[in-house]
Amino acid sequence: MTNYKFIQIIKQLLGKKYLAAVVFLCLQCAVLNSQNKNEIKVVFQPFFGSYPLILDSTYVFENGQIEFSTLKFYISNLQFLKNEKIVFKESNSFHLFDASNIKSQNFTFTIPKGLLFTELNFNFGIDSLTNTSGAMGGDLDPTKGMYWTWQSGYVNFKIEGTSSLCNNKRKEFQFHLGGYQFPFSALQKISLDVESKNTLVIYVDVKKIMETFNLSSIDHIMSPSSEAVRLSYLISQCFSLK
Amino acid sequence: MKVLKYIFFIVISLSFAQHDDLFITPKNWPKPVYNFTNNALTKSKVELGRVLFYDPILSKDNTISCASCHSPFSAFTHIDHALSHGIHDSIGARNSPALINLAWQKTFMWDGAINNLDMQALAPITHKAEMANDIKSLVQKLNTIKLYKHLFKDAFGDSIATGEKTLKAISQFLLTLISSNAKYDRVMKKQEIFTSQEINGYRLFQKHCNTCHKEPLFTTNDFANNGLSIDTLLNDYGRFIITKNPSDSLKFKIPTLRNIEFTFPYMHDGRFKKLSQVMTHYTSQIQSSKTLASELKQKITLTSNEKVDIIAFLITLSDREFVFDKRFADPYIKYN
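Residues numbered from 1 in each chain as written. Chains lettered and ligands numbered in written order. Predicted model: local features only at pLDDT ≥ 70, side-chain atom pairs only at ≥ 80, totals over all residues. Heavy atoms only, no water.

1. As for the pairing of strand E9 (residues 155–163) of chain A
Residue and element names in this part refer to chain A. The buried fraction of E9 amounts to 8 of the 9 residues, a majority that puts the element mostly inside the structure. Note: strand E4 (residues 64–82) against E9, 7 bridges, orientation antiparallel. Its bridge partner being in E9, Phe68 is matched across the sheet by Gly161. Of the strand pairs in this sheet, E9 and strand E10 (residues 172–178) are connected by 7 bridges, and their pairing is antiparallel. Along E10, the bridge assignment pairs Glu160 with Gln174. (Buried < 20%, exposed > 50% of the residue type's maximum accessible area, 1.4 Å probe, protein only. Helix = DSSP H or I, 4+ residues; strand = E, 2+ residues; numbered from the N terminus. Pairing = 2+ DSSP bridges.)

So, in structure tokens, the structure goes:
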């Protein structure tokens with residue numbers, strides 16, 4: 001809730017009389033809190049081999065060329081661990097990475113000052129409970145284009161583009177991977193060893209991802225299936241610490 | 001300070017608390033399936049949902065509303081059409097289901113493709129033969145309209161529409177569509193009595209139909225293969241399309257029988273226009289297959305009088321109050 005909305009509600013509830021006192025107390029709390037906190041930034045950077053990935057740019061791939069128009073995926077349930085124990089867990093942790101929106105590639109967490117961690121865990125995709133809990137907002141809002149309409153469920157990972165390797169007339173490929181119901185649950189857990197630094201950069205190797213597909217034989221997947229589960233696992237192996 | 005915090009919390013929770021008169025679980029009914037904690041009903045949200053439900057703005061070219069295929073006078077279905085039609089007179093692949101007692105429904109669509117009432121509206125909004133729109137464009141369109149700015153502000157305290165708010169408001173209206181005042185219900189409450197024909201129909205219904213069309217909702221919400229022969233033009237395998245599990249082949253959602261008098265034609269593909277044809281199907285047209293419902297494996301024998309008696313009972317499930325309820329009617333006049 002933004003401060004403005006919060007103030008509006010308080011205003012309606014109490015009348016202006018107490019407003020100044022309330023605002024003062026809130027600000028004081030905020031100041032006190034910030035002194036004991038540390039900001040951690042997690043950055044997801046897409047690369048194509050050794051080049052940064054830029055949408056609509058052409059890359060050499062296998063014996064042909066490839067171009068990407070869309071790359072979007074969900075990261076959820078971020079946790080920081082030390083010696084296999086969770087030391088910090090983000091609440092309501094859902095992030096949509098979108099290669100076309102630089103802001104969506106950095107997530108900032110406020111953790112207690114001096115907290116050390118050795119491992120970063122997160123889910124690649126959306127869990128089954130969230131998939132069945134009805135309409136959600138923020139990054140989970142269906143207007144984000146990551147929710148199937150003909151069948152319920154989030155698309156965990158979406159990559160689209162063109163490649164000379166595709167066998168269809170338009171040379172297009174489209175992979176919408178997701179599914180939460182047994183036996184086609186595509187959700188993957190990713191665990192990375194990290195150092196207790198204020199900025200953690202995670203490298204997403206899109207070239208390695210494309211090598212898991214075989215574009216000449218399959219150029220699209222758009223529903224939950226065992227193939228979607230298999231590919232989701234292989235893609236989860238393409239995240240590494242820079 | 002702490003006390004003040006608690007007071008805020010209580011006051012805020014109370015202001016968002018559900019209005020009990022908007023949703024009342026009828027006596028002796030099971031608990032609703034819908035999770036109201038994430039979407040507590042309020043008058044203004046239900047009203048926003050109602051306006052959206054009747055507004056053709058939901059479709060790409062502003063021609064088709066939810067009510068186009070779910071009209072109140074037919075208990076919120078599309079009568080006279082075996083397969084429902086949408087934008088540019090496109091014909092769909094299934095018969096639109098009646099929208100009745102949705103708060104008790106676990107999954108939606110004939111094949112259960114949709115897992116939560118909130119997400120149901122996305123399917124027709126997007127389908128090329130229905131509204132051919134998408135939720136992002138729809139929300140953008142809503143954000144340019146003065147009436148919706150007012151309605152969203154009233155409902156959510158913020159005039160900006162989002163996908164979440166739009167879908168939740170539609171759910172709110174749909175949740176209020178409760179049908180629980182048919183003659184059957186009044187007889188159960190001992191306010192009226194069945195005729196002798198209806199009593200006999202009820203007895204036969206309990207013997208032959210009640211396992212799947214269980215009272216008081218007249219459905220178990222499960223999926224079953226009721227022995228329909230496959231339409232080779234549609235090749236619709238129902239639940240199998242979603243689960244890809246062969247044991248779900250040819251299974252479709254068991255529909256409620258409430259208001260069945262108003263919701264013709266019948267079955268997922270609308271192949272039967274009359275209840276008498278449905279009776280004939282169950283007594284002499286059952287197609288045997290691996291997934292056929294166990295209840296139908298043994299032939300059901302009914303005399304023609306018995307069939308008529310069952311139909312007489314089914315008509316006691318008609319709820320005229322529900323069909324003509326002003327709270328569920330098109331609010332067009334109010335806003336124009």
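2. Thoughts on the interface of chain A and chain B
Each partner contributes residues to the interface: chain A has 28 residues there, and chain B has 27 residues. Interface area for chain A against chain B, summed over the two sides, is near 2,200 Å², with a carbon-plus-sulfur share of 65%. Inspection of the chain A/chain B interface yields 0 salt bridges. Counting every contact that joins chain A to chain B gives 10 residue pairs in polar contact (both at pLDDT 80 or more). Counting residues per element, the ones that place at least two in the side of chain A that touches chain B are helix H1 (3–14) and helix H2 (19–34) of chain A. (Contact = heavy atoms within 4.5 Å. Buried area = accessible area lost by both parts, 1.4 Å probe. Salt bridge = Lys/Arg side-chain N within 4 Å of Asp/Glu carboxyl O. Polar contact = N/O pair within 3.5 Å; in protein donor to acceptor, adjacent residues only side chain to side chain.)

3. Brief notes about a nonpolar patch on the surface
Taken together, the side chains of B:Ile230, B:Tyr237, B:Phe240 and B:Ile241 present a nonpolar region at the surface, about 300 Å² in accessible area. Checked against the element boundaries, B:Ile230 lands in the loop between strand E1 (223–224) and helix H11 (239–243). (Patch = residues over 30% accessible without salt bridge, like charges linked within 9 Å, V, L, I, M, F, W, Y side chains within 5 Å. Areas by Shrake-Rupley, 256 points an atom, 1.4 Å probe, with all protein chains shown as cover.)

4. Concerning the nonpolar core
Counting 70 residues, the largest nonpolar core has B:Phe53, B:Leu58, B:Tyr148 and B:Leu174 as the members making the most contacts within it. Each residue touching B:Leu174, except ones within four places of it in the same chain, is listed here: B:Phe53, B:Leu99, B:Leu102 and B:Leu117. (Core = buried A, V, L, I, M, F, W, Y, C linked by side-chain atoms within 4.5 Å.)

5. Comments concerning unusual backbone geometry
Keep in mind that most residues, glycine aside, have a negative phi and that most peptide bonds are trans. Cis geometry marks the peptide bond from A:Phe182 to A:Pro183; its omega dihedral reads 0°. One can find A:Pro183 in the loop between E10 and strand E11 (188–193). Along the chain, B:Phe264 connects to B:Pro265 via a cis peptide bond; the corresponding omega equals -5°. With a phi angle near 65°, B:Phe76 is a residue other than glycine that sits in the positive phi range. Relative to the helices and strands, B:Phe76 resides in the loop between helix H3 (66–69) and helix H4 (117–120).

6. Considering the pattern of salt bridges
Pairing between side chains of opposite charge can happen when the charged atoms of each approach one another. Residue and element names in this part refer to chain B. Applying the stated rule across the entire model yields 13 salt bridges over all chains. Where Glu47 meets Arg50, a salt bridge forms, and the shortest distance between an N and an O atom there is 3.2 Å. Pair noted here: Glu47 and Arg50 are both in helix H2 (residues 43–54), with a separation of 3 residues, about one helical turn. Both residues of the pair, Glu47 and Arg50, count as buried. Among the ionic pairs, Arg258 bridges to Asp185, the shortest N-O distance being 2.9 Å. Of the two residues, Arg258 sits in the loop between strand E2 (252–253) and helix H12 (275–284) while Asp185 sits in helix H9 (residues 183–188), which places them 73 residues apart along the sequence. Accessibility expressed as a relative area gives 1% for Arg258, which makes it buried. Members of the salt-bridge network, linked through shared partners, are Arg94, Asp111 and Asp236.

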